[in-house]
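# Geometric and topological summary
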Amino acid sequence: MSRARIVLWLSPTLRPALNLCRARFMEGQSQGPPDAAAMENGTKPDGEESPPGFQETTITEGAARIVFPSANEVFYNPVQEFNRDLTCAVITEFARIQLAAKGIQIKVPGEKDVQKVIVDLSEPKEDKPELKEGADLALEDQPRTAAVGEICEEGLRVLEGLAASGLRSIRFAREVPGLRSVVANDASARAVDLMRRNVQLNEVAHLVQPSQADARMLMYQHQKASERFDVIDLDPYGSPASFLDAAVQAVSEGGMLCITCTDMAVLAGNSGETCYSKYGAMALKSRACHEMALRIVLHSLDLRANCYQRFVVPLLSVSADFYVRVFVRVFTGQAKVKASASKQAMVFQCVGCGAFHLQRLGKASAASGGRLKFSAACGPPVAPECEHCGQRHQLGGPMWAEPLHDLEFVGRVLEAVSANPSRFHTAERIQGVLSVITEELPDVPLYYTLDQLSSTIHCNTPSLLQLRSALLHAGFRVSLSHACKNAVKTDAPSSALWDIMRCWEKECPVKRERLSESSPAFRILSVEPRLQANFTIRDDANPSSRQRGLKRFQANPEANWGPRPRARPGGKAAGESVEERRRLLQNKRKEPVEDTAERAAWLKTFPCKRFKEGTCQQGDQCRYSHSAPSPKATAEAAPTDCPEAPSQNPTEPGAATGPGIE
C-alpha cells in the first residue's frame with residue numbers, strides 16, 4: 001500500500017484521538033489569569049521562577065497597570081504620558097461622533113449625564129403617574145449606550161501597530177468606551193509575551209488581542225473594506241515613514257490615523273536630504289521648524305493617500321517635547337484628490353533676515369457651473385535676492401499649507417477634558433495646549449519669533465504684548481503658536497513686520513557704526529519705515545490662555561528626559577550605571593587637552609579595556625586607569641582614539657534593528 005493511501009486510511013481512525021488531545025490542550029489554556037502578585041514579584045504565568053538577576057518594574061498609568069523588564073528590552077518612556085493621555089481623549093471624542101450617527105451614546109467615567117439632569121429638572125411633579133404608565137415606552141426611546149471595558153458590536157476597531165508592553169492598547173480598553181476590538185501588534189516575541197501578561201493582569205483579554213507580526217504586513221492584509229481598522233495608532237522609534245503607505249490603505253472610510261514622529265533632527269532641517277528620502281520634502285532650518293515638521297508629515301500622509309484616490313483631513317496636529325503628533329481622518333474621493341496639489345506649498349526663506357514666502361504647487365479657480373478648475377500655479381513670489389536684506393533664498397517643501405486643525409473637533413476635546421479633569425494625569429497641560437491651538441490663526445502657515453526679529457537687527461527685544469499691539473494697531477491679525485513660546489503668527493507681510501521693527505529701533509537706537517554694510521541689519525535699518533507703528537498696549541493683545549495662566553509650555557518633566565535608547569534584547573537596566581557612563585562619555589569628542597600633564601590626568605579617568613580583559617602589557621606605564629571600575633558603568637567608556645583598547649564589538653546579530661517599540 002502506498003504511503004499516501006496509508007495516511008488517508010489512518011486519518012479517520014486518528015481523528016478521535018486528535019480531538020481528545022485538542023480538548024485537553026484547550027483545558028490547559030483556559031485556566032484563569034495569572035496571579036497579579038506573582039507577576040509583580042517576577043514569577044512567570046506558568047509558575048516558573050524568572051532567571052536569577054531578572055528584574056521587573058510595575059507601573060500604573062491612567063487606568064492601566066503594566067509590568068515590564070527593568071532592562072531596556074521593551075521600550076517605555078514615562079515622558080510620553082501626555083501623548084497617551086491626549087490620544088485617549090481624541091479617540092474618545094472620535095468614538096462619540098462615530099457612534100452618535102448610529103444612535104449609540106458613550107459613557108465616560110467621571111462625566112456627568114447631562115441628558116439625565118435635564119430630564120430630572122424639567123419633570124413636573126403631577127406628571128409622575130403618567131410616566132410610570134408609559135415606562136416601557138420611555139425605555140424604548142432611550143438611546144443605546146456603550147461603556148468602558150465592554151464590547152460594542154458596532155464600535156471602533158483599533159490597531160496599535162507597535163505596541164511593545166501593550167500599555168497604550170490596555171489604556172484604550174480601560175478608558176475609551178465604544179470599542180469593538182483592539183489589536184495590539186508588535187514584531188518582537190519578547191514584547192508580545194509581555195503584552196499577554198499585561199492583558200491578563202488588567203483583565204482586558206476580551207477586548208485586546210495581542211499579535212506578533214510585521215506592522216506593515218498586518219496592515220496590508222487588512223486592505224479589504226470590510227476588514228479595515230477605524231483607528232490606527234503608530235508610535236515607532238524614530239520615523240514612521242515606512243508604515244505610512246500601508247496605514248493609509250488599512251484605515252476605514254472616514255477612519256482616523258494617529259501618527260507620532262520622533263526623528264525631529266531630520267524634520268527640523270538638520271538633514272534635508274534625509275527628510276526628502278523619508279517624507280518627500282526638504283526641511284529648512286528656521287525658527288518655525290516645529291510647525292514646518294507638522295506640515296511636512298501631513299504632506300507625506302496626503303501624498304501617499306493620493307496614490308489610492310484618498311485624501312486626509314487633519315483633526316489635530318501637535319508639536320510637543322521631542323516629537324510631533326498628528327491625528328487625521330482619511331476619505332476616498334477622486335474629485336477631492338484633484339485639489340491636493342493646491343493644498344501643498346513650497347517655502348522661500350531668506351538666509352539673512354529669515355523672511356519667508358509660500359508658493360502653492362497648484363491653483364484652484366472657480367469655473368462655470370459651480371465647478372473648480374485646477375491648474376499649475378505661477379511663481380516664484382520672490383526675486384533672486386531678498387527685498388529687505390539682499391541675501392539669497394533657500395527653497396523648502398513641499399509642505400501642507402492648509403489648516404493644521406479642525407477647530408470644532410479641538411473644541412469638543414477641550415470641553416470634554418475641562419469638564420472631567422480627573423480623568424487624565426496631564427489634563428492641565430492638555431487644556432493649556434488645546435487652548436492655545438484654538439487661538440491660533442488657522443489660515444496663516446508658519447511664524448516668526450520675537451528673538452529672531454530683534455537679533456536680526458541687533459536691537460533690544462520688545463515685549464510680546466508690545467509687538468502684538470503694534471500689529472493689531474496696524475490692522476493685522478496676530479496669534480501665538482503652541483509649537484513655540486515666543487512665536488508671532490500673523491497675516492502681516494514681511495515688509496510691514498520689518499517696518500514695525502524699524503520703528504522700535506528708533507526708540508532703542510542701534511549703533512550703526514558697529515554694523516557691517518553688507519549685514520542684514522545695516523540694509524534693513526538703512527530704509528525708512530513707511531508704516532508708523534503704535535506700541536501702546538491693547539487689551540486684546542494678551543490672549544486668553546495667557547491671562548488665565550494655563551500650562552501652555554511644560555518645563556522639563558525629569559532629568560535627562562527625551563528620546564530613550566532603542567529597545568534591545570538583553571539591554572542594560574537604566575540606573576546609576578547608565579548615568580555614570582553618560583558622565584564619562586560627555587565631551588569625549590572635544591579637542592584633546594594640549595597640556596601634557598592635564599591630558600595624562602584626563603586619560604586616567606577612562607578604564608583600560610585590555611586590563612579588564614587581562615591582556616594589557618603596559619602595567620603602570622599604561623595611560624589609562626587600571627583601578628577596578630564600577631560594575632557595568634565604564635565598560636565602554638574609553639575614548640575613540642585609544643591605541644591600546646580593542647575596537648568595540650559590532651551590534652549583536654539578535655539586536656533589534658527594526659522600528660523601535662514603546
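Everything below is about the structure printed above this text.
Cut-offs and rules
Residues numbered from 1 in each chain as written. Predicted model: local features only at pLDDT ≥ 70, side-chain atom pairs only at ≥ 80, totals over all residues. Heavy atoms only, no water. Pairing = 2+ DSSP bridges. Helix = DSSP H or I, 4+ residues; strand = E, 2+ residues; numbered from the N terminus. Axes fitted to C-alpha atoms, helices over the stretch in contact; angles between N-to-C directions. Contact = heavy atoms within 4.5 Å. Core = buried A, V, L, I, M, F, W, Y, C linked by side-chain atoms within 4.5 Å. Buried < 20%, exposed > 50% of the residue type's maximum accessible area, 1.4 Å probe, protein only. Domains from an automatic or database assignment. Phe/Tyr/Trp six-rings, centres within 6.5 Å; stacked < 30°, edge-to-face > 60°. Lys NZ or Arg CZ within 6 Å of the ring centre and 35° of its normal.

### Quick notes on the sheet that holds strand E9 (residues 251-261)
Taken in spatial order, the seven strands line up as E7-E6-E5-E8-E9-E11-E10 in an open sheet, and their pairing is mixed. Across the chains shown, the open sheet's two edge strands, defined by having one partner strand only, are strand E7 (208-212) and strand E10 (310-320). Within the sheet, the average angular offset between the axes of one strand and its neighbour, ignoring direction, is 15°. Relative to strand E6 (residues 179-186), strand E5 (residues 156-160) is paired through five bridges, and the arrangement is parallel. Each bridged residue has a counterpart across the sheet, and for valine 158 the counterpart in E6 is valine 182. Each of strand E8 (229-234), E9, E10 and strand E11 (323-332) touches helix H10 (residues 241-250); the most contacted strand, E9, lies at about 155° to it.

### Looking at the nonpolar core
Counting residues in each nonpolar core, the largest one holds 87 residues, and the members touching the most others are Met219, Ile232, Leu257, Leu267, Ile296 and Leu301. Top element by residues in this core is helix H13 (residues 289-306). It accounts for eight residues. Each of domain 1 (80-108 + 144-365 + 372-413) and domain 2 (414-548) gives at least three residues to this core. When neighbours within four sequence positions are excluded, methionine 219 is seen to be in contact with Leu159, Ile232, Leu234, Phe243, Ala246, Ala247 and Ala250.

### Details of H10
Residues that lie three or four places apart on an α-helix share one face, since the helix turns once every 3.6 residues. Most of H10 is tucked away, with eight of its ten residues classed as buried. Among the residues of H10, those classed as buried are Ala241, Phe243, Leu244, Ala246, Ala247, Val248, Gln249 and Ala250.

### Structural notes on the environment of alanine 533
Checked against the element boundaries, alanine 533 lands in the loop between helix H20 (520-525) and helix H21 (544-547). Each C-alpha atom, one on alanine 533 and one on cysteine 503, is 6.1 Å from the other, the two residues being 30 residues apart in sequence. Each residue touching alanine 533, except ones within four places of it in the same chain, is listed here: Ala470, Ile500 and Cys503.

### As for the sheet that holds strand E17 (residues 448-449)
Read across the sheet, three strands follow the order E17-E19-E18 without closing on themselves; strand pairing throughout is antiparallel. For this open sheet the edge positions go to E17 and strand E18 (478-481), each flanked by a neighbour on one side alone. Pairing geometry for E18 and strand E19 (residues 484-490), over three bridges, is antiparallel. Counted as the bridge partner of valine 478 is threonine 490 from E19.

### Side note on the pairing of strand E14 (residues 362-366)
The pairing of E14 with strand E15 (residues 372-376) spans five bridges and is classified as antiparallel. When the sheet's bridge partners are listed, glycine 362 is paired in E15 with alanine 376. Here E14 hands over to E15 after five residues, with glycine 369 in that stretch at a positive phi of 80°.

### A closer look at the packing of aromatic side chains
Evaluated as defined, the whole model comprises four aromatic pairs. Relative to tyrosine 448, the ring of phenylalanine 356 has its centre 4.7 Å away and its plane inclined at 25°; by these criteria the two rings are stacked. Placement of phenylalanine 356 in strand E13 (residues 356-360) and of tyrosine 448 in strand E17 is noted, with a sequence separation of 92 residues between them. The residues phenylalanine 356 and tyrosine 448 share a single accessibility class, namely buried. Above the ring of phenylalanine 82, the side-chain terminus of arginine 429 is found at 4.3 Å from the ring centroid.

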